[in-house]
Amino acid sequence: MLSAALAAVIGRVLGSAVTGSRPLAGGDINQAFAVALADGRQVFLKTNARAPRTMFAAEARSLTWLAETGALRVPRVLAASASDDLGPAYLLLELLQPGPPARDFHETLGRGLATLHQAGAPRFGLDHDNFIGRLPQSNQSIVSRNDAGWAAFYRARRLEPQLKLAVDNGHASLRMRQGMERLLDQLSSLVGPAEPPSRLHGDLWGGNLMCADDGQPCLIDPAPYGGHREVDLAMMRLFGG
């Protein structure tokens, strides 16, 4: 149920009172609502009372960074709670209605991803950190190593933090740790020839791709950064896309 405090905040930031709301399915770590406003608009609300204060502000920046390429549709950001806001944490987006895929859905997705990746990024990483799901994601560039390319970033900012998290939580067997160490030692020879950083969605499993009511693909819930273009393709393949 939408709290009175959050309804009041929404009414203030969007300039129209909340007249109703209904919960939406599919939220994995957050609550999601379709919210009706007095001026006739319907908007999408994501909220989480236990979310880190920076999470929704970071997602708003992420969506804007992807949208500026014009490559694929992403939900339009309406408002988000600020990192230093002590009130309810929220993200307000345009409400997208799902629909059946058009005949060219997958071709449009493929061409759009290529365009998104070709838009590029200034570096491997990003000028701010964000989140992948509920986990903090460091996007700090690698500047202390001789190799500041993809392999160094992938190792230090993606693989090693996940391994440490598994170890710290007792989920990493000795065999897993030894296998990861062998992988990390060979990483530079496994990630392919050098190429410039691509602009990535960063968490492109099937649940973060939707078909809008016009039959075309729409990207949601990103965790973007400058990285290797095959990361998005691998993530889709990993979860059966």
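Residues numbered from 1 in each chain as written. Predicted model: local features only at pLDDT ≥ 70, side-chain atom pairs only at ≥ 80, totals over all residues. Heavy atoms only, no water.

This part takes up the side chain of His 228. In this fold, His 228 is placed in the loop between β11 (225-227) and α6 (230-238). With relative accessibility at 7%, the residue His 228 sits in the buried group. Apart from the residues lying within four places of it in its own chain, the contact partners of His 228 are Phe 124, Trp 150, Val 191, Glu 195 and Leu 200. (Helix = DSSP H or I, 4+ residues; strand = E, 2+ residues; numbered from the N terminus. Buried < 20%, exposed > 50% of the residue type's maximum accessible area, 1.4 Å probe, protein only. Contact = heavy atoms within 4.5 Å.)

Time to look at the sheet that holds strand β5 (residues 90-94). Each strand in a sheet pairs with another by means of backbone hydrogen bonds, the pair being arranged parallel or else antiparallel. Spatial ordering of the open sheet is given by β1-β2-β3-β5-β4, a layout of five strands whose pairing is antiparallel. Each end of this open sheet is capped by a strand with a single partner; those strands are β1 (18-23) and β4 (77-80). If you compare each strand with its neighbour and ignore which way they point, the axes differ by 25° on average. Two elements, β4 and β5, share three bridges in a ladder whose sense is antiparallel. What sits directly across from Ala 80, in β5, is Leu 91. Against the sheet, helix α2 (residues 55-67) makes contact with β3 (42-47), β4 and β5, and its axis sits at roughly 160° relative to β4, the strand it touches most. (Pairing = 2+ DSSP bridges. Axes fitted to C-alpha atoms, helices over the stretch in contact; angles between N-to-C directions.)

A few words now on the side chain of Ser 198. Positionally, Ser 198 belongs in strand β8 (residues 198-200). Filtering out sequence-adjacent residues up to four positions away, Ser 198 remains in contact with His 117, Gly 120, Ala 121, Tyr 225, Gly 226, Gly 227 and Arg 229.

Right, let's get into the pairing of strand β2 (residues 31-37). The buried fraction of β2 amounts to six of the seven residues, a majority that puts the element mostly inside the structure. In terms of strand pairing, β1 meets β2 through five bridges, oriented antiparallel. Its bridge partner being in β2, Gly 20 is matched across the sheet by Ala 36. Pairing of β2 with β3 involves six bridges; the strand directions are antiparallel. Residue pairing in the sheet places Gln 31 in a bridge with Thr 47 of β3. Linking β2 to β3, which pair antiparallel, is a turn of four residues; within it Gly 40 sits at a positive phi near 95°.

Quick look at the packing of aromatic side chains now. The tally for this structure, following the rule as stated, stands at four aromatic pairs. Clustering of aromatic rings is evident, with ring pairs tying together Phe 124, Trp 150, Phe 153, Tyr 154 and Tyr 225. A cation over a ring is seen here: Arg 158 above Tyr 225, with NZ or CZ 4.1 Å from the ring centre. (Phe/Tyr/Trp six-rings, centres within 6.5 Å; stacked < 30°, edge-to-face > 60°. Lys NZ or Arg CZ within 6 Å of the ring centre and 35° of its normal.)

Scanning the model with the defined rule gives one cavity of 30 Å³ or more in all. In this model, the largest cavity occupies a volume close to 40 Å³. Here the residues of the lining of the largest cavity are counted per class, giving six nonpolar, one polar and no charged. (1 Å grid on protein atoms, 1.4 Å probe; cavity = no way out; pocket = protein on both sides within 12 Å on 5 of 7 lines; lining within 4 Å. Points joined across faces, edges and corners; volume = space filled by probe spheres on them. Nonpolar A, V, L, I, M, F, W, Y, C, P; charged D, E, K, R; others polar.)

Bringing the packing of helix α3 (residues 105-119) against α6 into the picture now. One can describe the packing of α3 onto α6 by two numbers: an axis separation of 10 Å at closest approach and a directional angle of 145°. Counting all contacts with α3, which are made through Leu 109, Leu 113 and His 117, the residues of α6 involved are Asp 232, Leu 233 and Met 236. Within the contact of α3 with α6, the residues separate by chemical class into four nonpolar, one polar and one charged.

On to the nonpolar core, then. Core analysis: the biggest nonpolar cluster contains 46 residues, and Leu 113, Trp 150, Leu 219 and Tyr 225 have the highest contact counts within it. Looking at this core, the elements that each hand over two or more residues are β2, α2, β5, α3, α4 (150-168), α5 (174-190), β9 (209-211) and α6. Setting aside chain neighbours within four positions, we find Trp 150 in contact with Phe 124, Val 191, Tyr 225, Gly 227, His 228 and Val 231. By size, the runner-up hydrophobic cluster in this structure holds 13 residues, among which are Leu 14, Phe 33, Leu 37 and Ala 79. (Core = buried A, V, L, I, M, F, W, Y, C linked by side-chain atoms within 4.5 Å.)

We now examine α6. Within the sequence span of α6, burial applies to Val 231, Asp 232, Met 235 and Met 236. When α6 is viewed along its axis, its buried side chains cluster within an angular range of 135° and face the same direction. Opposite the buried face of α6, at more than 90 degrees from it, the exposed residues are Arg 237 and Leu 238. In the segment just after α6, Gly 240 is the residue with positive phi, at about 85°. (Arc of directions from axis to C-beta.)

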